[in-house]
Amino acid sequence: MLEVDVIGSALPAERVEEAVGYAAASAGFNDGHVAVSFVSPERIAELNLTWRGKVGPTDVLSFPIDEDDEDPFGERELGDVFICPEHTVDLTEAVVHGVLHLTGMDHETDEGEMLALQAEIMGWLR
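Per an unreviewed UniProt entry, the recorded name for the protein is Endoribonuclease YbeY, and the organism is Solirubrobacter phytolaccae. As recorded by UniProt, the Subcellular location (unreviewed entry) comment attached to the protein reads in full: "Cytoplasm". Per UniProt, the protein carries the Function (unreviewed entry) text "Single strand-specific metallo-endoribonuclease involved in late-stage 70S ribosome quality control and in maturation of the 3' terminus of the 16S rRNA."

Dropping the structure here:
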């Protein structure tokens, strides 16, 4: 079972859970834990500088935790997604995007697979 914690109220929790579920399942993850936090521009800018060395706010940041296939100590912890509503055009798409990064996908290094899958998932969620 996939457990989703939603911190903040920019999107209804049910919508976040649905988007997380589709994104995780499409990458083969049906069990584990994901946290999605909606944060201020100041908080995301702080995270962006600390972890990516980039100044200023961004739309979404993902922080994978368990990068192995199995966690021998319990439930798999996929990771955390931080979204700044003030810098995001489509919050549901940001959730999907962030979760796909948690599953190991990376649009900056693949040949378009992640963004194609993201577009397909968004079609299911419309």
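Alright, that's what it looks like, and here's the rest.
Chemist: Could you clarify how one ought to interpret the layout of surface pockets in this entry?
Modeler: To find the voids left in a structure, one rolls a probe of water-molecule size over its atoms. Estimated volume of the largest pocket: approximately 380 Å³. If you trace the largest pocket, you find 16 residues lining it, with R52, L61, S62, H101 and E108 closest to the centre. When contributions to the lining of the largest pocket are tallied by element, the ones reaching two or more residues are α2 (41–52), β3 (60–64) and α3 (91–102). Among the elements that make up the lining of the largest pocket, the one with the highest residue count is β3 (five residues).

Chemist: Whenever I open this one, the environment of R15 confuses me. Can you help?
Modeler: Structurally, the position occupied by R15 is in helix α1 (residues 13–26). Here R15 falls in the partly exposed class, since its relative accessible area comes to 24%. Here the alpha-carbon distance between R15 and F63, two residues 48 residues apart in the chain, equals 21 Å. What R15 contacts, discounting residues up to four positions off in sequence, is T92 and L125.

Chemist: Help me understand the UniProt feature "binding site: Zn(2+)" (unreviewed entry) in the protein, please; the structure alone is not making it clear to me.
Modeler: Mapped onto the present numbering, the UniProt feature "binding site: Zn(2+)" (unreviewed entry) falls on H97, H101 and H107. Annotated residues from the preceding list that form part of the lining of the largest pocket: these are H97, H101 and H107. For H97, the position within the fold is in helix α3. Residue H97 is classed as buried on the basis of its relative accessible area of 13%. Ignoring anything within four residues of it in the chain, the contact list for H97 reads V60, H107, M114, L115 and Q118. Not counting chain neighbours up to four residues away, the residues in contact with H101 comprise S62, D106, H107 and M114.

Rules of the game
- Residues numbered from 1 in each chain as written.
- Predicted model: local features only at pLDDT ≥ 70, side-chain atom pairs only at ≥ 80, totals over all residues.
- Heavy atoms only, no water.
- UniProt positions renumbered as here; feature names shortened; annotations may be inferred.
- 1 Å grid on protein atoms, 1.4 Å probe; cavity = no way out; pocket = protein on both sides within 12 Å on 5 of 7 lines; lining within 4 Å.
- Points joined across faces, edges and corners; volume = space filled by probe spheres on them.
- Helix = DSSP H or I, 4+ residues; strand = E, 2+ residues; numbered from the N terminus.
- Buried < 20%, exposed > 50% of the residue type's maximum accessible area, 1.4 Å probe, protein only.
- Contact = heavy atoms within 4.5 Å.

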